[in-house]
Amino acid sequence: MTPRVAVVGHVEHVEFCVVDRLPAAGEIAHATHDFAEAAGGGAVAVVQLRKLAGAAAFFTALGTDDVAAKVEADLERHGVTVHAARRDRPHRRCFTHLDARGERTITVIGERILPRGDDPLPWDDLETTDGVYLTAGDAEAVRKARRAKVLVATVRAFDALVESGVELDALVASALDPSEQYDLTKLRPPPRTVVLTESERGGRYTTAAGATGRWEATPPPGPTIDAYGCGDSFAAALAFGLGQGLSLDDALHLAARCGAHCLAGRGPYASQLEAQPPSARRRAS
């Protein structure tokens, strides 16, 4: 059975600029092309979940300017059901260089807009949701996300996770990114599983019961184009797999496939893994 899935988190309007290499100080870089999308961790994750499950809900917050309207329209174009609180302020923007090595370098403009537990969103819907991935929110939003059968969260929401006092089914962090190194002993109760990604080396996990394991990275389905969105595609698929009732190892295998697929496309969405390709859905209808 296909699980019901959702994301609680943030979204930004991202301008992508494709360059051969990042310019050094004082240099001028010439872009081969550019494009703009709703992106950021929450957006990438919810589009990946929609592609796996056929439908996905996004609990988020948006500004009130034209940028926010573009973000919401982009998400709906990707088939996402958007539940958005409004903040009377400009929406956050980002500028991202995508270079020839497949790396992304991000400049953020403005403060992140987070969903809050007291926002008038249909939080009760999460009681019948199988898998939720949380990228951002206050402590009360985390508690409401915990209504789902399975809750996976990124370590980037660390302060809210600590304050909430909820038990996560899985906490996802990069073992290689210095910005994602936290004192996990502050999480009480501890997550049932801590998942640490190691890029092309796959990654490792530790359960609260003391079991440990690893998974191997999955080769991408084509040449590596860029890394934007790979981590959140991975984590979203982990929430999907656990929500579907897969074992941890099988859910991690699916997550690794989704992360690898994202590598093979330009931007976050071009190559995300789909459970059923659009052409097959059209033939079925």
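Residues numbered from 1 in each chain as written. Predicted model: local features only at pLDDT ≥ 70, side-chain atom pairs only at ≥ 80, totals over all residues. Heavy atoms only, no water.

1. So, the sheet that holds strand β9 (residues 150-154)
If you walk across this open sheet you meet the 9 strands as β5-β4-β1-β8-β9-β10-β11-β12-β13, and the pairing is mixed. Across the chains shown, the open sheet's two edge strands, defined by having one partner strand only, are β5 (81-86) and β13 (212-215). On average, each strand axis in the sheet is tilted by 20° relative to the strand beside it, whichever way the strands run. Note: strand β1 (residues 5-8) against strand β4 (residues 57-62), 3 bridges, orientation parallel. Its bridge partner lying in β4, valine 8 is registered against phenylalanine 59. Together, β4 and β5 form the strand contacts of helix α2 (residues 66-77), whose direction differs from that of β5 by roughly 160°. (Pairing = 2+ DSSP bridges. Helix = DSSP H or I, 4+ residues; strand = E, 2+ residues; numbered from the N terminus. Axes fitted to C-alpha atoms, helices over the stretch in contact; angles between N-to-C directions. Contact = heavy atoms within 4.5 Å.)

2. Structural notes on the pairing of strand β6 (residues 93-98)
One ladder, built from 6 bridges, connects strand β2 (residues 12-18) with β6; its direction is parallel. Looking at the pairing, valine 14 lines up with cysteine 94 of β6. Between β6 and the antiparallel strand that follows it, strand β7 (residues 104-109), lie 5 residues; glycine 102 among them carries a positive phi value of about 90°.

3. Considering the pattern of salt bridges
Following the criterion strictly, the structure yields 19 salt bridges and no others. Measuring nitrogen to oxygen at the nearest pair gives 3.2 Å for the salt bridge that ties arginine 77 to glutamate 37. With a gap of 40 residues between them, arginine 77 in helix α2 and glutamate 37 in strand β3 (residues 33-39) connect regions that are remote in the sequence. According to the relative accessible area criterion, arginine 77 is exposed, its value standing at 52%. Among the salt bridges present, the one from glutamate 180 reaches arginine 156, with a minimum N-O distance of 3.1 Å. (Salt bridge = Lys/Arg side-chain N within 4 Å of Asp/Glu carboxyl O. Buried < 20%, exposed > 50% of the residue type's maximum accessible area, 1.4 Å probe, protein only.)

4. Section: the packing of aromatic side chains
Taken as a whole and assessed by the stated rule, the structure comprises 5 aromatic pairs. Here phenylalanine 59 and tryptophan 123 contribute two aromatic rings whose centre-to-centre distance is 5.3 Å and whose plane-to-plane angle is 25°, an arrangement assigned as stacked. Residue phenylalanine 59 is found in strand β4, and its partner tryptophan 123 is found in the loop between β7 and β8 (131-134); the two are separated by 64 residues along the sequence. With respect to class, phenylalanine 59 is no different from tryptophan 123; both count as buried. What links up through ring pairs into an aromatic cluster is the set Phe16, Phe35 and Tyr228. (Phe/Tyr/Trp six-rings, centres within 6.5 Å; stacked < 30°, edge-to-face > 60°.)

5. Observations concerning the side chain of glutamine 272
Looking at the element boundaries, glutamine 272 is found in the loop between α6 (248-263) and α7 (278-284). Given the relative accessible area of 5%, glutamine 272 is considered buried. At 3.3 Å, the side chain of glutamine 272 and the backbone oxygen of valine 44 are in polar contact. Among all residues touching glutamine 272, those that are not within four sequence positions of it are Val44, Val47, Gln48, Lys51, Ser233 and His261. (Polar contact = N/O pair within 3.5 Å; in protein donor to acceptor, adjacent residues only side chain to side chain.)

6. Overview of the environment of leucine 254
Along the polypeptide, leucine 254 turns up in helix α6. Residues in contact with leucine 254, not counting those within four places in the same chain, are Ala237, Phe240, Gly241 and Leu273.

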